[in-house]
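# Per-entry structural report
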Amino acid sequence: MTNKELAEVMYPNVTKTIEDYEKMYPKRDLDPKAVVTRFAPSPTGFVHMGSLCSTFVGYKVAKQTGGVYYLRIEDTDQKRSVENGIAGIINDLKQFNIEFDEGATGEDSEVGNYGPYIQTKRIEIYQTFAKWLVEHDYAYPCFCKPEELEAIRTHQEHYKERIGYYGRHAKCRYLSNEERIERIKNGEPFVLRLKSTGDFEKKVVINDLVRGKVEYPENDIDHVLIKSDGIPVYHFAHVVDDHLMRTTHILRGEEWMPSTPLHIELFQKFGFEVPNYCHLGLVMKIDEDGSRRKLSKRKDPEAAVSYYAEKGIPSEAVKLYLMTIANSNFEGWMDQNKDKTIDDFTFDFKKMSASGSLFDIEKLYNISKNYMANMKAVDVYAGLKNWAETYDPEFWQLITKYQDYTIAILNIEREQKKPRKDFDCYSSIKPTIWYMYDELFAKMEKNYEFQKITDKEEIRKIFNLYIEKYYHKDDDKETWFNNLKACTEELGYAGDMKAYKENPDNYKGSVADISQVIRVVLTTKCTTPDLYEILKLLSDEQIKARIELI
Ligand code: GLU
């Protein structure tokens, strides 16, 4: 019996041909240099930092070349699917302004002419391609039961042979079509296996854009392409999809590198052009003991993209950091092009590290701190409000009620040549400025950081004299400071720091101690932004009330 007859028995419902699909999904009309690439996650609802890094690269490269970036959902493994998993992924990425040109847009919706973009909706397509392979003697049904596969393995282990279903071990490869058809007709379950023509002794060269030329032995294993339930495995499904969706670059994790010879064999059997490969290194972390390991979803909170939203790290800052680890020349470029943005930078696969990148959360916070220091107060306010709405509704109410006041607080020592670097994320703002709000001041536990002058009587005396006699809201900074010094002297402390340093024993203390008392009474903290600015923002009633609370 012919392969065609076998194929017909195996896939009786297939009515289309590969040519039909070639027509439905024509070659894209794009510049030859345009990169068409994709993010192809399982619908786990979770984006790992490593995936964010690769989506960022894919998005950047597609944009930079006038290409297409699309989202394909690889849901053929039920174990890796969770409810609303697609929406979770899309939301996580939206936060970083990564939006797709095509692909799934929700659990049951999509945009684009190359879909369906969800693999379980493409079963008929896979079967058409599978049927073609059987017809051309490139694939066959395998009826081996788990015990039989186990026996092959035990035999191979015993004789120290390479493990796998290949060559003479591949029992079902040698069945006649008559027997195959009969067994199928008898309802025996089967998987579809590739009939590999590769030679393990020969080499295949993968031209990887990140790693350069990498040699592997050719694939000679008769891998399963379609499981007994009719669902394809990744190896087969992605080859069909990447061809029909006209992907030019396969950007994926380095863990797929060893199976690439199989993928190349499949592309070649179909006579399709093999896409470019870009296998990205792992995102790693240095453990306490100094060893390197993969950034882990289980152990490292910063591995989840949702961590950045919760902390309120501006997505632009995260992106700057990701580009820093993705392209070795980015940091230097940024230093020399301070007025430019990531969009102006040209990403280059050759500048990626093949051995993976080290993820350093401290450095990310540092980048974020510098980024936030250079933001305008209104922009910090907008980001803070947006963050607080979800993560601190009580604070959201407060800053919404006192919008201008909050912007003024955020503007202290900002929008100047050397701005203050107080915040490295939105969640770090409230712990730094809470004392500016009476509502929070009344209820926060207060730990007054008085240092040199700690006697309550003396503190009251200093504060009251200053407020009643020397403090005037409209004073300019110089007058303000002169008044503070005059107050200091009236109290028997040194107004002139130089004189104090020369003869410290002649005085009870200096103007620095007096300003510290005022600062701590008002804020509880011994270090704060400019005291003059803080005093200016607080009302006279607020100022007077605070001495009653110490
Ligand atoms: N679904 C595969 C994964 O999650 C995608 C690999 C690829 O991009 O081809 O690893």
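This section reports on the structure supplied with the text. The structure displayed is predicted, hence computed values, not measured ones. (Residues numbered from 1 in each chain as written. Predicted model: local features only at pLDDT ≥ 70, side-chain atom pairs only at ≥ 80, totals over all residues. Heavy atoms only, no water.)

Attention now goes to the overall build of the protein. Helix and strand content of the protein: 24 helices and 14 strands. Taken along its principal axes, the extent of the C-alpha atoms in the protein is 110 × 45 × 45 Å. Of all 550 residues assigned to the protein, the portion counted as buried reaches 51%. Contacts spanning at least 24 positions in sequence make up 72% of the contacts within the protein whose residues lie at least 6 apart. When the accessible surface of the protein is totalled, it reaches about 26,900 Å², and 48% of it is carbon and sulfur. Measuring between centres, the 78 positive side-chain charges of the protein sit 2 Å from its 91 negative side-chain charges. (Helix = DSSP H or I, 4+ residues; strand = E, 2+ residues; numbered from the N terminus. Buried < 20%, exposed > 50% of the residue type's maximum accessible area, 1.4 Å probe, protein only. Contact = heavy atoms within 4.5 Å. Areas by Shrake-Rupley, 256 points an atom, 1.4 Å probe, with all protein chains shown as cover. Lys, Arg positive; Asp, Glu negative; His and termini not counted. Charge placed at Lys NZ, Arg CZ, Asp CG, Glu CD.)

The next thing to look at is the pattern of salt bridges. Scanning the entire structure with this criterion turns up 42 salt bridges. Salt-bridge contacts for Asp287 lead to Arg293; the nearest nitrogen and oxygen are separated by 2.8 Å. What emerges from the salt-bridge pattern is a single network uniting Arg38, Arg72, Glu74, Arg122, Asp241 and Asp242. (Salt bridge = Lys/Arg side-chain N within 4 Å of Asp/Glu carboxyl O.)

Here we take up helix 16 (residues 403–410). One turn of the α-helix equals 3.6 residues, which is why residues spaced by three or four share an orientation. Tyr405, Thr406, Ile407, Ile409 and Leu410 are the residues of helix 16 that are buried. Buried residues belonging to helix 16 abut helix 14 (377–391), helix 15 (393–401), helix 17 (430–433), helix 23 (531–537) and helix 24 (540–547).

Take the nonpolar core next. In terms of nonpolar packing, the biggest core is built from 58 residues, with Leu410, Ile429, Tyr437 and Tyr466 touching the most fellow members. Setting aside residues up to four positions removed in sequence, Leu410 forms contacts with Ala377, Val380, Tyr381, Leu384, Phe423, Ile429 and Ile433. (Core = buried A, V, L, I, M, F, W, Y, C linked by side-chain atoms within 4.5 Å.)

Looking now at the side chain of Lys131. By secondary structure assignment, the location of Lys131 is in helix 5 (residues 123–135). Looking at Lys131, its side chain comes within polar contact range of the main-chain oxygen of Tyr11, at 3.4 Å. For Lys131, the contacting residues outside a window of four places in its chain are Ala7, Glu8, Tyr11 and Val14. (Polar contact = N/O pair within 3.5 Å; in protein donor to acceptor, adjacent residues only side chain to side chain.)

Our focus in this paragraph is the packing of aromatic side chains. All chains considered together, the criterion is met by 33 aromatic pairs. Relative to Phe100, the ring of Tyr69 lies with its centre 5.1 Å away and its plane at 25 degrees, an arrangement referred to as stacked. Here Phe100 lies in the loop between helix 4 (85–94) and strand 3 (102–106) and Tyr69 lies in strand 2 (residues 68–71), a separation of 31 residues in the sequence. Summarising the burial analysis for this pair, Tyr69 and Phe100 share the class buried. Each ring, one from Tyr307 and one from Tyr308, has its centre 5.0 Å from the other, and the planes form 75 degrees; the classification is edge-to-face. You can call Tyr307 buried: its relative accessible area is 14%. In this structure Tyr308 comes out as buried when scored by relative accessible area, which is 0%. Every member of this aromatic cluster is reached through a ring pair, and the members are Tyr21, Tyr25, Tyr114, Tyr126, Phe129, Trp132, Tyr138, Phe236, Phe270 and Phe272. (Phe/Tyr/Trp six-rings, centres within 6.5 Å; stacked < 30°, edge-to-face > 60°.)

With respect to the helices, strands and loops of the structure, Ala377 is situated in helix 14. Here Ala377 falls in the buried class, since its relative accessible area comes to 1%. In sequence terms Ala377 and Thr406 are 29 residues apart; their C-alpha atoms lie 9.0 Å from each other. Excluding its chain neighbours within four sequence positions, the residues that come into contact with Ala377 are Ile407, Leu410, Asn411, Arg414 and Glu415.

On to the site of the ligand, then. In the region of the ligand, the neighbouring residues are Arg38, Ala40, Glu74, Tyr234, Leu251, Arg252 and Trp256. Within the backbone of Ala40, one N or O atom sits 2.8 Å away from a nitrogen atom of the ligand. Interatomic distance of 2.6 Å between a side-chain N/O atom of Glu74 and a nitrogen atom of the ligand. Burial of the ligand by the surrounding chains reaches 84%, relative to a free accessible area of 300 Å². When the residues that make up the shell around the ligand are grouped by side-chain class, the tally is four nonpolar, no polar and three charged. (Near = heavy atom within 4 Å. Nonpolar A, V, L, I, M, F, W, Y, C, P; charged D, E, K, R; others polar.)

Spatial strand order, 5-6-9: three strands in an open sheet with antiparallel pairing. Each end of this open sheet is capped by a strand with a single partner; those strands are strand 5 (139–142) and strand 9 (224–226). The average undirected angle you get between the axes of adjacent strands in this sheet is 45 degrees. Across four bridges, strand 5 lies against strand 6 (residues 191–194) in antiparallel orientation. Each bridged residue has a counterpart across the sheet, and for Ala139 the counterpart in strand 6 is Leu194. (Pairing = 2+ DSSP bridges. Axes fitted to C-alpha atoms, helices over the stretch in contact; angles between N-to-C directions.)

Okay, the pairing of strand 10 (residues 249–253) next. Buried residues dominate strand 10, accounting for four of its five residues. Of the pairings in the sheet, the one linking strand 10 to strand 11 (residues 276–280) comprises five bridges and is parallel in character. By the bridge assignment, Arg252 is partnered in strand 11 with His279. The parallel pair strand 10 and strand 11, bridged by helix 9 (residues 260–270), forms a crossover whose chirality is right-handed. (Right-handed = clockwise from strand over helix to strand, strands pointing away.)

Before going further, it helps to spend a moment on the sheet that holds strand 4 (residues 109–111). Judged by pairing direction, the sheet is mixed, and its four strands sit side by side in the order 1-2-3-4 without closing on themselves. Whereas interior strands pair on both sides, the edge strands pair on one side only; in this sheet they are strand 1 (36–39) and strand 4. Taking each pair of neighbouring strands and ignoring which way they run, the sheet shows an average axis angle of 30 degrees. Note that strand 3 and strand 4 share three bridges and pair antiparallel. Bridge pairing links Ala104 to Glu110 in strand 4. Where helix 3 (residues 49–64) meets the sheet, it contacts strand 1 and strand 2, and its direction lies at approximately 145 degrees from that of strand 2. On top of the sheet, helix 4 reaches strand 1, strand 2 and strand 3; it is set at about 110 degrees to strand 3, its chief contact.

Structurally, Ser196 is set in the loop between strand 6 and strand 7 (203–208). Only 3.1 Å separates the side chain of Ser196 from the backbone nitrogen of Gly198, close enough to count as a polar contact. Within polar-contact distance, the side chain of Ser196 engages the backbone oxygen of Asn219 at 3.0 Å. Setting aside chain neighbours within four positions, we find Ser196 in contact with Arg173, Asn219, Asp220, Ile221, Asp222 and Glu265.

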